[in-house]
Amino acid sequence: MKWIPREVSAAASEAFNAAGKAYFGSLGGKGLGKTVELGLELVEDEGKKLVVELAPEVFPLLKASIKESAIDRSDEVDQVSAACARAPVAYAIMAAYQFRWFVTQIGFPYLGKLCALVIPCALTSLDHWSPEVKGQGMITFIHLGNNVNSGELGWCQDVILDACFQNIVCSDDIWHLVVEMSVLFAASTQKNNPRSPWFEKLLNEMLGHLERHPRNKERRVAWLEHIDPLLNSVGLILLAHFSRIFPLVFQWIHADDDDTVILVLKFVQTIIKLTWIRNTPYVARLVDELSIIYKEAAMRKARTEIRKHVAQLLIFLRQCQGLQFEAAWAKHKDDPNLETLELFREQDTMIAI
């Protein structure tokens, strides 16, 4: 937590591990309850073993503390002020941090066997009105998604994906977390069904939110950094979203910051590889925009990397759109500002100098 000095946090961690050693030492190194159930008897980290042992008792208490200041959605009168009157939100924030710490001490393959304990409390965190509580719940879910098999989530995947969907419109401070969480769970639980309605719901909601905040750098960078696994899972179905994706691409590709430009160029490369942008009217516009950004790159710090990605994109476009690309490129090939971009027809390569 931000208000706890690092040395105090480190000391607390050491104290917890010492408590674990004392506890399991008194048992002759053997465990009880969950430790035995998960097969942790031979694990040397007594702190981790103590976390597992305490989880069935601690998680319900933390869940109750988080829920105490949550809004009762079944009661129209119950709002934030009423929730805070019942219990200070600081209690929920503290409980959310504690819960996240407990869960992140456990990894693969043991965490999957604790899903029934972890998920109800994590969902309660996501349902809270406080962005800080939500954020800790999202970090918990991201750790969970990275440390369990998708089969272990089958019984609750729809509930988790619905929680992702409900939280996409959220505070700027936790947008990157909800995107990472949504992409992680959608890609892992729906990977065998590219036509899953969850892909469409999540992608449409994200695109809608980005359309409402197209100039927000933090939102677009976070989305571009995390979206690839979802794109790979959807594949050709992305064609149905081109009418919303490309207007954002054409706006972001001229952003002031180099990070956005490079991420957008990589994003378009992924889309071309997955769809070959077939049956789309955006090829000519894309060639025009790439030509412009290639020239604009001369004034940017990352001009070498930007021009490299532009050249790669033009290669892909030429390979997959042949005549349509040639028609679009014809008006640019004699541009003196593009002289450093040479097109070798016989080798079918482009070289950016």
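A quick note: this is a predicted structure, and the numbers were derived from the prediction, not measured. (Residues numbered from 1 in each chain as written. Predicted model: local features only at pLDDT ≥ 70, side-chain atom pairs only at ≥ 80, totals over all residues. Heavy atoms only, no water.)

Observations concerning the overall build of the chain
Inference 1: Broken down by element type, the chain carries 16 helices and two strands.
Inference 2: When contacts within the chain are restricted to residue pairs at least 6 apart in sequence, long-range pairs at least 24 apart make up 72% of them.
Inference 3: A total of about 17200 Å² of accessible surface is found on the chain, and carbon and sulfur atoms cover 54% of it. (Helix = DSSP H or I, 4+ residues; strand = E, 2+ residues; numbered from the N terminus. Contact = heavy atoms within 4.5 Å. Areas by Shrake-Rupley, 256 points an atom, 1.4 Å probe, with all protein chains shown as cover.)

Quick look at the packing of aromatic side chains
Geometry of an aromatic ring pair is reported as the spacing of the ring centres plus the angle between the planes.
Inference 1: For the coordinates displayed, the defined rule picks out 14 aromatic pairs.
Inference 2: Seen from their ring centres, Phe 16 and Trp 101 are 5.2 Å apart, and the 80° between their planes marks the pair as edge-to-face. With Phe 16 in helix 1 (residues 6-26) and Trp 101 in helix 5 (residues 89-104), the pair connects residues that are 85 residues apart, well separated along the chain.
Inference 3: Joined through ring pairs, the aromatic side chains of Phe 16, Phe 59, Phe 99, Trp 101 and Phe 102 make up one cluster.
Inference 4: Lying across the ring of Phe 24, Lys 49 places its NZ or CZ 4.7 Å from the centre.
Inference 5: Across from the ring centre of Phe 165, 4.6 Å away, lies the NZ or CZ of Lys 201, which sits over that ring. (Phe/Tyr/Trp six-rings, centres within 6.5 Å; stacked < 30°, edge-to-face > 60°. Lys NZ or Arg CZ within 6 Å of the ring centre and 35° of its normal.)

Topic: the environment of Phe 199
Inference 1: With respect to the secondary-structure elements, Phe 199 resides in helix 10 (residues 197-212).
Inference 2: With a relative accessible area of 3%, Phe 199 lands in the buried category.
Inference 3: For the pair Phe 199 and Ala 186, spaced 13 residues apart in sequence, the C-alpha to C-alpha distance is 6.8 Å. (Buried < 20%, exposed > 50% of the residue type's maximum accessible area, 1.4 Å probe, protein only.)

What to know about the environment of Thr 304
Inference 1: Mapped onto the fold, Thr 304 is located in helix 16 (residues 303-329).
Inference 2: For Thr 304, a relative accessible area of 64% gives the class exposed.
Inference 3: For the pair Thr 304 and Tyr 294, spaced 10 residues apart in sequence, the C-alpha separation works out to 9.8 Å.

Regarding helix 13 (residues 242-252)
An α-helix turns once every 3.6 residues. As a result, residues three or four positions apart point the same way.
Inference 1: Of the residues making up helix 13, those classed as buried are Phe 242, Ile 245, Phe 246, Leu 248, Val 249, Phe 250 and Trp 252.
Inference 2: Buried positions along helix 13 lie against helix 10, helix 11 (217-226), helix 14 (258-275) and helix 15 (283-296).

Points about a nonpolar patch on the surface
Inference 1: A cluster of nonpolar side chains, namely Trp 3, Ile 4, Val 8 and Met 94, defines an oily patch on the protein surface of about 360 Å² accessible area.
Inference 2: Relative to the elements of secondary structure, Val 8 occurs in helix 1.
Inference 3: Judged by relative accessible area, which is 45%, Val 8 ranks as partly exposed. (Patch = residues over 30% accessible without salt bridge, like charges linked within 9 Å, V, L, I, M, F, W, Y side chains within 5 Å. Salt bridge = Lys/Arg side-chain N within 4 Å of Asp/Glu carboxyl O.)

Overview of the packing of helix 3 (residues 46-68) against helix 5
Inference 1: Packing of helix 3 against helix 5 leaves a shortest axis separation of 9 Å and a crossing angle of 155°. When the interaxial angle is binned, helix 3 and helix 5 end up roughly antiparallel. Considering how the two elements wind past one another, helix 3 and helix 5 form a crossing that is left-handed. Of the residues in helix 5, those touching helix 3 at Val 51, Leu 54, Val 58, Phe 59, Leu 62, Ser 65 and Ile 66 are Tyr 91, Ala 92, Ala 95, Ala 96, Gln 98, Phe 99, Trp 101, Phe 102 and Val 103.
Inference 2: Among the residues making up the contact of helix 3 with helix 5, the classes are represented as 14 nonpolar, two polar and no charged. (Axes fitted to C-alpha atoms, helices over the stretch in contact; angles between N-to-C directions. Parallel < 35°, antiparallel > 145°, perpendicular 65-115°, else oblique. Left-handed = near helix turned anticlockwise from the far one by under 90°. Nonpolar A, V, L, I, M, F, W, Y, C, P; charged D, E, K, R; others polar.)

Focus: the side chain of Gln 190
Inference 1: Tracing the backbone shows Gln 190 in the loop between helix 9 (175-189) and helix 10.
Inference 2: Look at Gln 190 and you get buried, because its relative accessible area is 9%.
Inference 3: Within the structure, the side chain of Gln 190 is placed 2.8 Å from the side chain of Ser 196, a separation counted as a polar contact.
Inference 4: Sequence-distant contacts of Gln 190, defined by excluding residues within four places in its chain, comprise Gln 157, Leu 161, Phe 185, Ser 196, Trp 198 and Phe 199. (Polar contact = N/O pair within 3.5 Å; in protein donor to acceptor, adjacent residues only side chain to side chain.)

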